[in-house]
Each structure stands twice: as C-alpha cells, then as structure tokens.
2 protein chains.
Amino acid sequence: MSEIQRPGALYQQVAAAIREAILSGEFAPDSLLPSEAQLMARYGVSRPTVRNAIAALRAEGLIDVRHGKGSFVRSDGQPALTIERRISRTADGKFVMPNGDVWQETEEPSTYRTHTTKTTGQLLQLGEEEALFGCDRLLFDPSTGTRAMHRTLIPLVVADGIPLLGEEPCKRPAAFYRLLTEDGHKLTWSETVRARMPLPDERTTLQLPDATPILHLSRVTHDTDDRPLILEELRIGADRAELTYRITADKQPARRTRA
Amino acid sequence: MSEIQRPGALYQQVAAAIREAILSGEFAPDSLLPSEAQLMARYGVSRPTVRNAIAALRAEGLIDVRHGKGSFVRSDGQPALTIERRISRTADGKFVMPNGDVWQETEEPSTYRTHTTKTTGQLLQLGEEEALFGCDRLLFDPSTGTRAMHRTLIPLVVADGIPLLGEEPCKRPAAFYRLLTEDGHKLTWSETVRARMPLPDERTTLQLPDATPILHLSRVTHDTDDRPLILEELRIGADRAELTYRITADKQPARRTRA
DNA sequence: TGACGTCACTTGTCCTTACGAGTTAGGACT
DNA sequence: AGTCCTAACTCGTAAGGACAAGTGACGTCA
C-alpha cells in the first residue's frame, strides 16, 4: 500500500502516482497495469476514485483501456507516417511537391455541391454562402494502416471559368494542377495546419484511440494574380502521422534518411 | 422531458442529445447549458449519468465547465494567432523567414547541458546520449494572450566547432542564423509538425483548457552539406495558434553562381 | 452607503451497491 | 480428442447518498 500525499483530490493523487510509475519505467510500455480492484486495495480508495484517476490518464493519452482485459501503458512510438511537404524550386521556376502519393481510396469518392462556410470562405477569399464543388474521399495507407479524410473544394466561379470536364478536377486535384501548370499558370500555395480533438464521426471514421487529436491541413492554391483556385483539406490522426516541411537548396540529390 | 432513443449507453444518448442541441444552435456559443440537476430532470437520469455525458462532451472540446458556475458552450473561434512560415527566396539565394517575432519572454531563459534522446537524436542525426547545449524559454504574445514554450538544442560538437560566445547562440537562435549566413553558409531547414495531448506540466504552463492538444514544432537547420546544426522546438496550444506555410513565387530563382 | 455574512445555487469529490458485458481458461460432456 | 459451457476474472454502466468547494446575490449591520 504505497502512500498518497498532499496535492489536491484523492483521484489526482492516485493518477499522479500511476503516472509517475509509468514515466519512471516501473510500468513498461504495452504492459498491463494493475486492475481496478488491485488499485483499490493498493491505494485504499473506492472504485469510482480509481476509475476517475484512470479516466484522467486516458485523457492524457498515457494509457489505453480495453473492456474485459485491463489498462495498458500506451507506447509513445513515433508517428508511423511522415507526410512530406518538400518544396524545391527547379531552375525554370516550377515547384515540385512530392506529396507522398501512397494513398489508396477505400471507397468511391462522393461529389456534391455545397457552399462556403465562414472558415472556407475566408480561405478562398469569398463571402459566405458562395457555391462550391465538393468531393470527399477516404484514404488509406496500407503500409502503415493509416486512414485520412480528404476533401476538395472548388468555387463554381473557378470551375466555370476554366475548360474542364465537370467535376473531374474535384476528384483528381493533381490533374487540375497539371492542367493549370501546362496552361502557363504560375501557381502558389499556402497551407494552414491546425490541431483539434475529433468529432465523434471523425473518431470512428479514422478509428482513433482515446485522447488522440487530429491534424487538419488546409491547402489553398492560388493563381498568378493571387486568386484562390482550389482548397484541399486533409484530416488525419495525430497518433499516426506527422508533417514535415522541408526547404532545400534547389536541385538537391536524394536525401539520406537515417533509420 | 425529451425522449431518449436507442444507440448505446444512456449517458451516450444524453451526450448525443446535448451535442445535437449545441451543433444545431439551440445552445449558442458561450451560452450556459442547463445545470446538472436540470439535465437530470430533463432526461430522467441520475447525476452520475449526467456527469458522464458531460465528461464526454468535455473530452470532445465542445463545452467548458466552471466550478460553481455551470457548463458553457465553447466558442469555436479561429485560433487568435497565426504563426507564419513564409518561405520566399530572394534573388541571391537567401531565405527570408519572417517568424512573427511578436514574442515576449516572460522570464529569464534557463540554459543547461543535456544529451540527445531518441527523438532529438534522430532529428539531429546523432546517436543517443550525445551532449547538447539546451535553452528553454517561456514566450508570451500580449496581443493575443498566447503562451508558448520554446527550446533550443545545439550539439556540443557544433557549438565547439564554430567561434561563438558560449551559450549565446542557444539563447538567440536568430543571431546564430545571421552569423552563419554572413559566414557564407547556405542554410536549409526542415520543420516537423506533430500534435498530441499535453502533459500535466505543459497544461499548466500553457494554461490550456480541457481537451486542447498542443502543436509541437521541431525545426532543424542544416548546413550546406546537410549536417544538422541546431534544433528549435516550439510547443503551443492548438486552441490559440495555427501554422501557415506559404510559398510565393516572388522572383526568379537564383543561379548558383556563388561558391 | 459600504462592508460583510449568509444562503442558495452551481460543480467537485467520494463512497456504497448492483448489474451488464467482454475475455479467458478450465472443466464437463459428447 | 474435441466441443461447449461455465466460472472467474476484467472493465462499463447506472443508481443512490453525502459532503466539500466555488460563485453570486441578497440582506443585514455598522
């Protein structure tokens, strides 16, 4: 029966004790923590107190609890997937953006028409309630088991102004970029990164564990005269993925990755 | 007494009902939700059930609860602070990185010597247990009330190999960059973005609300021959800040005429 | 008028009890 | 031997009670 000290509520003291045991290595990653009953006996508290302490540790992302089995120390492994945003400029002024096209589509993309919200309107420099093409896709990287939600939004004004095959560019942004580039446009882009807790549907779709935020990327591609053409959004679990932005002196040879 | 339907546990049904009411606008942002007692009466459930439902909504970041006052709908406002990472290359091949130097230091930076961990060793392309200079600073942006934790890590090997004033570069990375650039080095950098839930000390230091992840930036600056020179880390609450990476096509790329 | 104490509200903590549900191993029956 | 059932563990859900602690308003008293 290890003793409990001052700071604050009982369950916080229990949580602190367990947390310390985890961080000090007394409980190794992926190992099984004592059961609720054992923790009750160990600290001389009731079950709600133990569960409250465990809830706190779950919210911190320190442990995972599986019904009928027990609590496990979460392994603090690095994200399995690194999404590279390498930006290098070739001699003729074009950008090369190898976006790690490792994704598979798990189902047919769904296209629709919608309108700007406050957020998307701001990014696209439009007012609210402006008409948009939309396309949502569910992506999957089989090598790491990572899921992601992808969305493309194109203002109708833009889609109408350019000779394209209906909603096709919405489905295949890469083709859209290529088409524009070949057409002589000089594209620039800006990418915004946010992090937040997932909504319930995002949590299930992305199959996220407890206390796992999502990374939310919004990439806007601009025309030469700074007019926003297309907005791409990517949502992905922060436990699985990280982003790297790399600026290299142009025309670097392949970079050495050390494992 | 609005009725409750099928899916799953009672508290989840209550949570779903409240969530729906919030998202549908029945409860406006910043408005006060019914008290626990009122919710008990409304849905005909016990207090633990109501509290469990509320806990779920807190974990989702939908509501904030203040002791003695009640539960409030969290306003889904945009992050107040946008950290810009604009990368444009001037004609002579230099990078300009206006990092938004709006930060104030709230206390004297603390310098120390430490060693690489698994993560930092990987970023710096060093083994584990390699000696480092370290410097931690607490930053504050008075215009938005945003706090951030900044850390600089420089391998001793690098610090010794360059004529500098002791730990000074550790305190002032900008000076370090300027010095290197003036010395003819062509710097490249790569920045990794992660998101995760804060540890308790980060939560208190950054004064984070419930269910608020932190954005964790790791920027490594490389020498011409790809040798990592300095690692900067920035931790900041994702409720307050977002990152934008912007690539502009300002001028024609420079020829590499200079040795 | 002003200061202060009280009271009624809120959420926070902690306990007891009970049962439901997922998991696993071992024993009984075929 | 193989199959299946059961028992004993795990955590999940739900209810009830009691008191502590933070907040704000109101009323009393100096």
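Residues numbered from 1 in each chain as written. Chains lettered and ligands numbered in written order. Predicted model: local features only at pLDDT ≥ 70, side-chain atom pairs only at ≥ 80, totals over all residues. Heavy atoms only, no water.

## Focus: the overall build of chain A
When helices and strands are counted, chain A shows 8 helices and 12 strands. Classification of the 259 residues of chain A by burial places 44% in the buried group. Residue pairs in contact within chain A that sit at least 24 positions apart in sequence constitute 60% of those at least 6 positions apart. Carbon and sulfur atoms form 50% of the exposed surface of chain A, whose accessible area is close to 13,300 Å². (Helix = DSSP H or I, 4+ residues; strand = E, 2+ residues; numbered from the N terminus. Buried < 20%, exposed > 50% of the residue type's maximum accessible area, 1.4 Å probe, protein only. Contact = heavy atoms within 4.5 Å. Areas by Shrake-Rupley, 256 points an atom, 1.4 Å probe, with all protein chains shown as cover.)

## A look at the protein's contact with DNA strand D
In the vicinity of DNA strand D lie 22 residues, with R47(A), R51(A), L10(B), S46(B) and T49(B) positioned nearest. The share of sugar and phosphate among atoms of DNA strand D within 4 Å of the protein is 70%. A distance of 2.7 Å separates a base nitrogen of DNA strand D from a polar atom in the side chain of R47(A). Between a phosphate oxygen of DNA strand D and a side-chain N or O atom of S46(B), the distance comes to 2.8 Å. Those elements giving two or more residues to the surface near DNA strand D turn out to be α3 (47-59) and β1 (63-66) of chain A together with α1 (10-23) and α3 (47-59) of chain B. Among the residues forming the surface near DNA strand D, the class breakdown is 6 nonpolar, 8 polar and 8 charged. (Near = heavy atom within 4 Å. Polar contact = N/O pair within 3.5 Å; in protein donor to acceptor, adjacent residues only side chain to side chain. Nonpolar A, V, L, I, M, F, W, Y, C, P; charged D, E, K, R; others polar.)

## Thoughts on the environment of N52(A)
Along the chain, N52(A) turns up in helix α3. When its relative accessible area of 35% is taken as the criterion, N52(A) is described as partly exposed.

## A few points about the environment of Y112(B)
All names here are of chain B. Structurally, the position occupied by Y112 is in strand β6 (residues 110-115). A C-alpha to C-alpha distance of 6.2 Å links Y112 and F133, two positions 21 residues apart in sequence. Setting aside its immediate chain neighbours within four residues, Y112 contacts L132, F133, G134, C135, D136, R151 and L153. There is a polar contact of 3.3 Å between the side chain of Y112 and the side chain of R151.

## A few points about α3(B)
Residues and elements named next belong to chain B. Given a rise of 1.5 Å per residue, 13 residues ought to cover 18 Å, and the 18 Å separating the end C-alpha atoms of α3 matches this to within 8%. Here α3 has its buried residues at T49, V50, A53, I54 and L57. Relative to the axis of α3, the buried residues are bounded by an arc of 135 degrees and lie together on one face. Buried residues in α3 make contact with α1, α2 (36-43), β1 (63-66) and β2 (70-73). (Expected span 1.5 Å × (residues − 1). Arc of directions from axis to C-beta.)

## Section: the protein's contact with DNA strand C
As a matter of local geometry, DNA strand C sits amid 22 residues, with L10(A), S46(A), T49(A), R47(B) and H67(B) nearest to it. Among the atoms of DNA strand C lying within 4 Å of the protein, the sugar-phosphate backbone contributes 70%. In this structure, a phosphate oxygen belonging to DNA strand C sits 3.3 Å away from a side-chain N or O atom of R58(B). The set of elements that each furnish at least two residues to the surface near DNA strand C consists of α1 (10-23) and α3 of chain A together with α3 and β1 of chain B.

## A short note on the pairing of strand β7 (residues 131-141) of chain B
Residue and element names in this part refer to chain B. The buried fraction of β7 amounts to 9 of the 11 residues, a majority that puts the element mostly inside the structure. Note: strand β5 (residues 104-105) against β7, 2 bridges, orientation antiparallel. Across the sheet, the residue bridging to Q104 is F140, located in β7. Sheet analysis places β6 next to β7, joined by 6 bridges and oriented antiparallel. Bridge assignment links T114 to a residue of β7, and that residue is L132. (Pairing = 2+ DSSP bridges.)

## Looking at the packing of aromatic side chains
All names here are of chain A. Taken as a whole and assessed by the stated rule, the structure comprises 1 aromatic pair over all chains. A cation over an aromatic ring shows up here: R66 above the ring of F72, its NZ or CZ 4.2 Å from the ring centre. The ring of W189 carries R219 above its face, with NZ or CZ at 5.4 Å from the centroid. (Phe/Tyr/Trp six-rings, centres within 6.5 Å; stacked < 30°, edge-to-face > 60°. Lys NZ or Arg CZ within 6 Å of the ring centre and 35° of its normal.)

## So, the pairing of β1(A)
Residues and elements named next belong to chain A. Pairing between β1 and strand β2 (residues 70-73): 4 bridges, direction antiparallel. By the bridge assignment, D64 is partnered in β2 with F72. The hairpin turn running from β1 into β2, its antiparallel successor, is 3 residues long, and G68 in that turn takes a positive phi close to 85 degrees.

## Brief notes about the packing of α1(A) against α3(A)
All names here are of chain A. Following both chains from N to C, one finds α1 and α3 inclined at 55 degrees, their axes separated by 8 Å at the closest point. When the axes of α1 and α3 are compared, the pair comes out oblique. Crossing of α1 over α3 shows right-handed handedness. On α3, the residues that touch L10, Y11, V14, A15, I18 and R19 of α1 are T49, N52, A53, A56 and L57. Looking at the contact of α1 with α3, its residues break down into 8 nonpolar, 2 polar and 1 charged. (Axes fitted to C-alpha atoms, helices over the stretch in contact; angles between N-to-C directions. Parallel < 35°, antiparallel > 145°, perpendicular 65-115°, else oblique. Left-handed = near helix turned anticlockwise from the far one by under 90°.)

## What to know about the pattern of salt bridges
Side chains bearing opposite charge may pair, as long as their charged atoms lie close to each other. A complete count under the given rule lists 30 salt bridges over all chains for this structure. Here R42(B) and E26(B) are joined by a salt bridge, their closest N and O atoms 3.8 Å apart. Note that R42(B) is positioned in helix α2 and E26(B) in the loop between α1 and α2, a separation of 16 residues in sequence. We classify R42(B) as partly exposed; its relative accessible area is 27%. For R219(B), the salt bridge identified is with E191(B), shortest N-O distance 3.3 Å. Placement of R219(B) in strand β10 (residues 214-222) and of E191(B) in strand β9 (residues 188-196) is noted, with a sequence separation of 28 residues between them. When its relative accessible area of 0% is taken as the criterion, E191(B) is described as buried. Through salt bridges with shared partners, a single network forms among E36(A), R47(A) and R51(A). (Salt bridge = Lys/Arg side-chain N within 4 Å of Asp/Glu carboxyl O.)

## Quick look at the confidence of the model for chain A
On average, residues of chain A score 83 in pLDDT, and 79% of them are at 70 or above. Note that residues 88-98 of chain A has pLDDT below 50 and, in this model, 29 contacts with residues that lie over four places away or in other chains. (pLDDT = per-residue confidence, 0-100.)

## A word on the side chain of H150(A)
Here H150(A) shows up in strand β8 (residues 146-155). Here the side chain of H150(A) touches E232(A) through a polar contact of 2.9 Å, side chain to side chain.

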